[in-house]
Amino acid sequence: MFKRYSKFCACILFCIFNLFVVSASAIDLDEATRTVTVDSSGKTTVLTPEQVKRGKRLYNATCGACHTGGITKTNPNVGLDPEALSLATPRRDNIEALVDYLKNPTTYDGLESIAEIHPSIKSADIYPRMRSLTDEDLYSIAGHIMLQPKIVAEKWGGGKIYF
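The paragraphs below set out a description of the structure included in this document. (Residues numbered from 1 in each chain as written. Predicted model: local features only at pLDDT ≥ 70, side-chain atom pairs only at ≥ 80, totals over all residues. Heavy atoms only, no water.)

Relative to the elements of secondary structure, Ser120 occurs in the loop between helix H5 (95-103) and helix H6 (135-152). In this structure Ser120 touches Leu102, Lys103, Pro105, Ala115, Tyr127 and Met130, once residues within four positions along its chain are discounted. (Helix = DSSP H or I, 4+ residues; strand = E, 2+ residues; numbered from the N terminus. Contact = heavy atoms within 4.5 Å.)

Below, the discussion takes up the nonpolar core. Most often, soluble globular proteins keep nonpolar side chains buried together rather than apart. If you look at the biggest cluster of nonpolar residues, it comprises 22 residues, and the most contacted ones within it are Tyr59, Ile95, Ile141 and Ile145. Tallying contributions element by element places H6 first for this core, with six residues. In contact with Tyr59, not counting residues within four places along its chain, are Gly64, His67, Gly70, Leu80, Ile141, His144, Ile145 and Trp156. (Core = buried A, V, L, I, M, F, W, Y, C linked by side-chain atoms within 4.5 Å. Buried < 20%, exposed > 50% of the residue type's maximum accessible area, 1.4 Å probe, protein only.)

This next bit is on unusual backbone geometry. A cis geometry characterises the amide bond from Thr89 onward to Pro90, with omega recorded as -5°. Mapped onto the secondary structure, Pro90 falls in the loop between helix H4 (82-87) and H5. Of note, Ala153 is a non-glycine position whose phi angle comes to about 55°, a positive value. For Ala153, the position within the fold is in the segment after H6. A relative accessible area of 37% means that Ala153 is categorised as partly exposed.

The final tally for this structure, using the stated rule, is four salt bridges. Of the charged contacts, one joins Asp93 and Arg91 as a salt bridge, the two residues approaching to 2.4 Å between their closest N and O atoms. Arg91 gets classed as partly exposed once you look at its relative accessible area, which sits at 49%. Between Lys103 and Asp135 there is a salt bridge whose closest N-O contact spans 3.1 Å. (Salt bridge = Lys/Arg side-chain N within 4 Å of Asp/Glu carboxyl O.)

Burial in H5 covers these residues: Ile95, Ala97, Leu98, Val99, Tyr101 and Leu102. The inward-facing, buried residues of H5 abut strand S1 (35-37), H4 and H6. You can read the cap of H5 off the contacts: a side-chain oxygen lies 3.2 Å from the backbone nitrogen of Glu96, and it is on Asn94. (Polar contact = N/O pair within 3.5 Å; in protein donor to acceptor, adjacent residues only side chain to side chain.)

Such coordinate-based values are descriptive only and should not be taken to indicate function.
Shown next, in the form of structure tokens:
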């Protein structure tokens, strides 16, 4: 009888603990952390917690296979870290530039379109996951890319030493 009672109590305590842990693990980022650059003029915006959650989910579903942890598996020299994004031509270190890139990707030097080899809205017929993405979805994904360096610091785009 004692065994049964102790197992029941342990199960109840475990369930209660999980309720508290799940509620504590919700996105609790302050506004300073959720503030990201919107355009090349330096204008900023604060992402809502919903945009943060949605951006992470969409990024993992559509981009995560090739860009786990902000790296680029097909070309490890080009990552999604702030430095790499700022050195691209045109600069991709803001939300508008990333949304533009997701619609019509170009090489790092900006000279050639790579829409046929990189998932984008322009090549949605080749990459089915891109077909249903709206501008709001692209904005959320770009927000996730801009937000990650603030959350995981140098691990974002850091490559094999971290992942």
